[in-house]
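Now for the letters of each chain:
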Amino acid sequence: MWGGASALTPTEDLARDILAELVAMDTSPAGDTGRTKESADRLAAMLKRAGFPEADVQVLGLNPGDGNLIARYRSRRPKQKPVLLIAHLDAVSASPFTWDTNPLQLVEKEGYYYGRGTRDIKGGVAMLVANFIRLRAEGFRPNRDLILLFTADEEYSGGNVDWLLKEHRPLIDAAFALNTDAGQVDLLPDGRPEAFGVQTAEKIYASFALEASSPGGHSSRPGPDNAIYKVARALARVEQFRFPRDLNETARVYFERWAAMAPPELAPGARALGAARLDDPAIDTVEESPYLNALIRTTCVATQLRGGSAENSLPERARAVVNCRILPQSSPAAVETVLRDLVAADGVTVAPVAPAPVGPPSPLDPRVLGPIEAVAGEMWPGIPLLPEMSPGATDGVFLRGAGIPTYGVGAVPEDPDDDTSHAPNERIRIEAFHQAMEFWYRLTKRLAE
Ligand SMILES: [Zn+2]
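Residues numbered from 1 in each chain as written. Predicted model: local features only at pLDDT ≥ 70, side-chain atom pairs only at ≥ 80, totals over all residues.

Quick look at the overall build of the protein
So, point 1. Across its full length, the protein carries 14 helices and 19 strands.
So, point 2. A compact globule built from 449 residues should have a C-alpha radius of gyration of about 22 Å, and the protein, at 24 Å, falls within 12% of that.
So, point 3. For the protein, the proportion of its 449 residues judged to be buried stands at 45%.
So, point 4. Long-range pairs, those at least 24 residues apart, make up 78% of the contacts in the protein with a sequence separation of at least 6. (Helix = DSSP H or I, 4+ residues; strand = E, 2+ residues; numbered from the N terminus. Rg over C-alpha atoms; globule rule 2.2 N^0.38 Å. Buried ≥ 20, exposed ≤ 12 C-beta atoms within 10 Å, placed from the backbone. Contact = placed C-beta atoms within 7 Å.)

Below you can see the structure in the form of structure tokens.
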């Protein structure tokens with residue numbers, strides 16, 4: 001299966017073998033229950049064989065079949081709180097019919113590793129484990145504990161990390177966390193690195209149900225009270241409404257630094273945002289980009305609609321779902337109040353569909369970002385570090401919400417258009433995989449030396 005002459009270092013070779021094992025286990029909901037447990041158990045055995053003490057390597061889970069791996073690289077004389085390094089063991093489902101290769105087999109082709117999870121984020125798991133084994137083999141003595149945490153259900157609920165924080169906090173408590181599953185080195189189409197993205201904030205994901213009722217009856221005798229019209233009027237208001245501009249530290253610094261690389265027509269608006277001049281008319285142009293607009297404000301958009309029971313009956317009920325991505329400095333309760341006030345006159349109720357996990361932006365702390373910037377500068381000289389807020393939500397939101405600032409520093413160099421996470425033919429460029437692994441090796445050392 002493996003093509004070409006192999007000139008891998010022992011760590012690269014080990015990481016490939018780990019990745020092949022992880023990809024072969026279907027850890028999506030389509031897989032047998034217990035596959036994250038099996039993945040976690042196998043990684044635990046590997047770390048123990050490499051010399052990590054039994055007591056420092058644990059597998060535990062919220063539900064039967066869930067496996068979260070927690071492994072501690074212990075310092076003899078810790079001088080600071082631990083650093084937590086995270087990724088997740090589960091993956092989204094893959095239909096073999098939409099793939100050119102077997103999604104459950106690591107295939108090397110044209111300079112890429114193919115397979116479900118290679119990019120999101122079994123590759124991240126493999127590189128962290130290979131680095132832990134490398135550091136131990138080299139006799140590295142950290143001056144603070146380093147903790148690996150690989151979770152079981154990031155793609156579906158984040159219930160396991162929430163549970164670990166509530167029930168097993170001492171196992172994973174840390175000064176801060178570094179996440180392989182966010183942040184990247186942005187490559188230009190010609191392959192040159194442009195920026196080192198660090199995810200420091202996530203928007204809050206929250207859906208609200210807008211509901212109305214009416215008496216119903218025969219559609220040949222319509223009256224004025226109609227649940228469908230009420231919900232339609234409410235949705236028209238939601239469409240017209242814009243939440244105010246509100247920049248957090250991450251978004252402001254993002255625009256400040258991005259202004260230098262922005263297209264000319266967006267640069268004035270980006271500079272205004274970077275200087276927190278929120279009433280500058282140049283910002284209007286920036287807001288025409290849905291991506292950039294979402295960094296500036298909370299957004300809410302209609303995503304589902306249901307109502308009526310028969311084509312010849314007046315509706316008794318109508319319901320729409322509005323999905324909001326809320327700025328992390330705001331709250332679901334504040335947005336619910338805004339929506340309720342907005343549609344109150346239409347006779348429409350507003351209620352959250354599910355509780356929303358909430359975590360504040362992580363501070364742009366030089367004790368964390370300094371070492372990240374230094375290692376990024378060694379490997380990709382001259383590119384700026386860009387703090388990023390993603391639309392949410394990863395396990396990071398639970399950690400941030402529990403007071404553990406979290407930084408996504410995936411460090412995989414990639415053209416943003418080549419990101420195949422959750423897609424058919426998911427893949428990671430082999431050279432990029434090795435570079436990210438080297439970045440994590442150097443960063444881990446630097447933070448604990
Ligand atoms: Zn992921």
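Once you've had a look at it, read on.
Regarding the domain arrangement of the protein
Interface size is often expressed as the accessible area that is lost when the parts come together.
So, point 1. On domain assignment, one finds that the protein holds domain 1 (10–182 + 394–447) and domain 2 (204–352).
So, point 2. Averaged C-alpha coordinates put domain 1 and domain 2 at centres separated by 35 Å. (Domains from an automatic or database assignment.)

What to know about the sheet that holds strand β19 (residues 427–429)
So, point 1. Across the sheet, which stays open at both edges, the three strands sit in the order β4-β5-β19 with antiparallel pairing between neighbours. The open sheet has two edge strands with one neighbour each: β4 (107–109) and β19. Put simply, the sheet's adjacent strands are angled 25° from each other on average, direction ignored.
So, point 2. One ladder, built from three bridges, connects β4 with strand β5 (residues 112–114); its direction is antiparallel. For Glu-108, the partnering residue across the bridge sits in β5 and is Tyr-113. (Pairing = 2+ DSSP bridges. Axes fitted to C-alpha atoms, helices over the stretch in contact; angles between N-to-C directions.)

Some points on the pairing of strand β14 (residues 317–326)
So, point 1. Here strand β10 (residues 204–213) runs beside β14; their pairing, made up of ten bridges, is antiparallel. The residue bridging Leu-210 from the neighbouring strand is Ala-320, located in β14.
So, point 2. Pairing geometry for strand β12 (residues 299–307) and β14, over eight bridges, is antiparallel. Paired with Ala-302 across the bridge in β14 is Val-322.

Things to note about the sheet that holds strand β15 (residues 349–352)
So, point 1. Read from one edge to the other, the open sheet built from four strands follows the order β12-β14-β10-β15, with strand pairing classed as antiparallel. Whereas interior strands pair on both sides, the edge strands pair on one side only; in this sheet they are β12 and β15. Strand-to-strand twist in this sheet, taken as the mean axis angle between neighbours without regard to direction, amounts to 25°.
So, point 2. Contacting β10, β12 and β14, helix α6 (residues 227–240) crosses the sheet at an angle of about 20° to β14.

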